Amino acid sequence: MMEVPPAFIAVPLPRHSKTSSFRPSCSSRIPRTPSRRTALPFSPSCSASPPSRVPFAFSFGVIADVQYADKPDKASGKTFSLHDQDVPRVLRYRSARERLAAAVDTFNAADVNFVLNLGDVIDGNESPEASEADLDEILAEFSRLNAPIPIHHTIGNHCRRLPIATLSRKLN
């Protein structure tokens, strides 16, 4: 299954107020041609190499579509193309928390200035109570970000299984 990885983005500028030491050891996986995903990819199989001391004005982490739910995996009925083969897409709800944990570890190691969550941190469960419990588990992972790294949340359509008031209160 091909998964869209969370991204680490660093913005290089001539002046620097921060030095980043993150460089993935899986650079052979980085696309050589521009694509709609221009961020530096990260997957749990990547690891940080020794500090490269590349100057950056600031850096931030981006994550989207975690879609965690405490429910069994299921086939989506859709496929994607991988090496000229159609591969069935499987929605892996429970393992999403592990992927988020790996992203949080990467953001902490990279000493990002802030994190953007682009929405859909939960998939939505059978009941609002179950969806709220899923959100609490995901927020526990986000709480592992090194202080004072702020996180800016947006609300995705899958999050709407919960009332806006609950989402606003929990996501600040």
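Description of the structure in this document. (Residues numbered from 1 in each chain as written. Predicted model: local features only at pLDDT ≥ 70, side-chain atom pairs only at ≥ 80, totals over all residues. Heavy atoms only, no water.)

## Remarks on the overall build of the protein
The number of helices and strands found in the protein is three helices and nine strands. The buried share of the protein, reckoned over its 172 residues, is 36%. At a minimum sequence separation of 6, the contacts of the protein that also span at least 24 residues come to 76%. Here the protein has roughly 10,100 Å² of accessible surface; of this, 53% comes from carbon and sulfur atoms. (Helix = DSSP H or I, 4+ residues; strand = E, 2+ residues; numbered from the N terminus. Buried < 20%, exposed > 50% of the residue type's maximum accessible area, 1.4 Å probe, protein only. Contact = heavy atoms within 4.5 Å. Areas by Shrake-Rupley, 256 points an atom, 1.4 Å probe, with all protein chains shown as cover.)

## A look at the packing of helix 2 (residues 128-142) against helix 3 (residues 164-171)
Two elements in contact, helix 2 and helix 3, have axes separated by 11 Å at closest approach and are oriented at 15°. In terms of their interaxial angle, helix 2 and helix 3 are classed as roughly parallel. Relative to helix 3, the crossing made by helix 2 is right-handed. For the pair helix 2 and helix 3, the contacting residues are Glu-132, Leu-135, Asp-136 and Leu-139 in the first and Thr-166, Leu-167, Arg-169, Lys-170 and Leu-171 in the second. Along the lines of polarity and charge, the residues of the contact of helix 2 with helix 3 split into four nonpolar, one polar and four charged. (Axes fitted to C-alpha atoms, helices over the stretch in contact; angles between N-to-C directions. Parallel < 35°, antiparallel > 145°, perpendicular 65-115°, else oblique. Left-handed = near helix turned anticlockwise from the far one by under 90°. Nonpolar A, V, L, I, M, F, W, Y, C, P; charged D, E, K, R; others polar.)

## Some words on the nonpolar core
Counting residues in hydrophobic clusters, the biggest one holds 23 residues, and the most contacted among them are Val-66, Leu-100, Val-121, Leu-135, Ile-138, Phe-142 and Leu-145. In terms of residue count, the dominant contributor to this core is helix 1 (residues 96-110) (six residues). (Core = buried A, V, L, I, M, F, W, Y, C linked by side-chain atoms within 4.5 Å.)

## A short note on the pattern of salt bridges
What the rule picks out here adds up to nine salt bridges. A salt bridge links Glu-132 to Lys-170, with the shortest nitrogen-to-oxygen separation between them at 3.4 Å. With Glu-132 in helix 2 and Lys-170 in helix 3, the pair connects residues that are 38 residues apart, well separated along the chain. The salt bridge involving Asp-136 is made with Lys-170; its shortest N-O contact spans 2.5 Å. With Asp-136 in helix 2 and Lys-170 in helix 3, this residue pair connects regions lying 34 residues apart in the sequence. (Salt bridge = Lys/Arg side-chain N within 4 Å of Asp/Glu carboxyl O.)

## Considering the pairing of strand 8 (residues 114-117)
Residues of strand 8 alternate between two faces, with Val-115 and Asn-117 buried on one and Phe-114 and Leu-116 left unburied on the opposite face. Of the pairings in the sheet, the one linking strand 5 (residues 58-63) to strand 8 comprises four bridges and is parallel in character. Across the sheet, residue Phe-60 finds its bridge partner in strand 8, namely Phe-114. Handedness of the crossover is the feature at issue here: the chain leaves strand 8, passes through helix 2, returns alongside strand 9 (residues 151-153), and the resulting connection is right-handed. (Pairing = 2+ DSSP bridges. Right-handed = clockwise from strand over helix to strand, strands pointing away.)

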